[in-house]
Amino acid sequence: MAQASGLFKIGVATVDITPPIGATLIGYSSRVSTRIDTPLKAECLYCENPTGKWLLISGEFIGMYRSTTDALRAEIATRTGVPAEAIMIAATHRIRGNPKPS
């Protein structure tokens, strides 16, 4: 019977990324936040096996400029040792409830 040549490691983390009251928001129209109805979060899935490691980061925001994503991936790579090309950042904007059409 063959033995496994290495371990498969998985880790998860969640962080609050709710902007402060007064932050400029985007979406249906640009406006300034006046309250926090639902906190926003970002989550990360880390995977490692003998052939490599990678990160999947999912954040509750509409999106990011490519230059911001590239800079963030480079910084994460420096801090974690995960290659920048193995870091994926996804925006998962969602609207709670049923928004009324304008």
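Caption draft 1: Layout of the overall build of the chain. Scanning the chain from terminus to terminus reveals 1 helix and 6 strands. Each helix and strand of the chain, placed in order from N terminus to C terminus, yields the pattern β-β-β-β-β-α-β. A total of 102 residues make up the chain; the buried ones form 15% of that total. For the chain, long-range pairs separated by at least 24 residues make up 56% of all intrachain contacts whose partners lie at least 6 apart in sequence.

Caption draft 2: Expanded view of the pattern of salt bridges. Applying the stated criterion to the full structure yields 5 salt bridges. A salt bridge links Arg-35 to Asp-37; its shortest N-O distance comes to 2.8 Å. The burial state of Arg-35 is the same as that of Asp-37; both residues are exposed. When the shortest N-O distance is used, the salt bridge between Arg-79 and Glu-75 registers 2.7 Å.

Caption draft 3: Seen up close, a nonpolar patch on the surface. Together, Phe-8, Ile-10 and Val-12 line one region of the surface with nonpolar side chains, adding up to about 360 Å² of accessible area. Secondary-structure assignment places Ile-10 in strand E1 (residues 9-16).

Parameters and conventions
Residues numbered from 1 in each chain as written. Predicted model: local features only at pLDDT ≥ 70, side-chain atom pairs only at ≥ 80, totals over all residues. Heavy atoms only, no water. Helix = DSSP H or I, 4+ residues; strand = E, 2+ residues; numbered from the N terminus. Buried < 20%, exposed > 50% of the residue type's maximum accessible area, 1.4 Å probe, protein only. Contact = heavy atoms within 4.5 Å. Salt bridge = Lys/Arg side-chain N within 4 Å of Asp/Glu carboxyl O. Patch = residues over 30% accessible without salt bridge, like charges linked within 9 Å, V, L, I, M, F, W, Y side chains within 5 Å. Areas by Shrake-Rupley, 256 points an atom, 1.4 Å probe, with all protein chains shown as cover.

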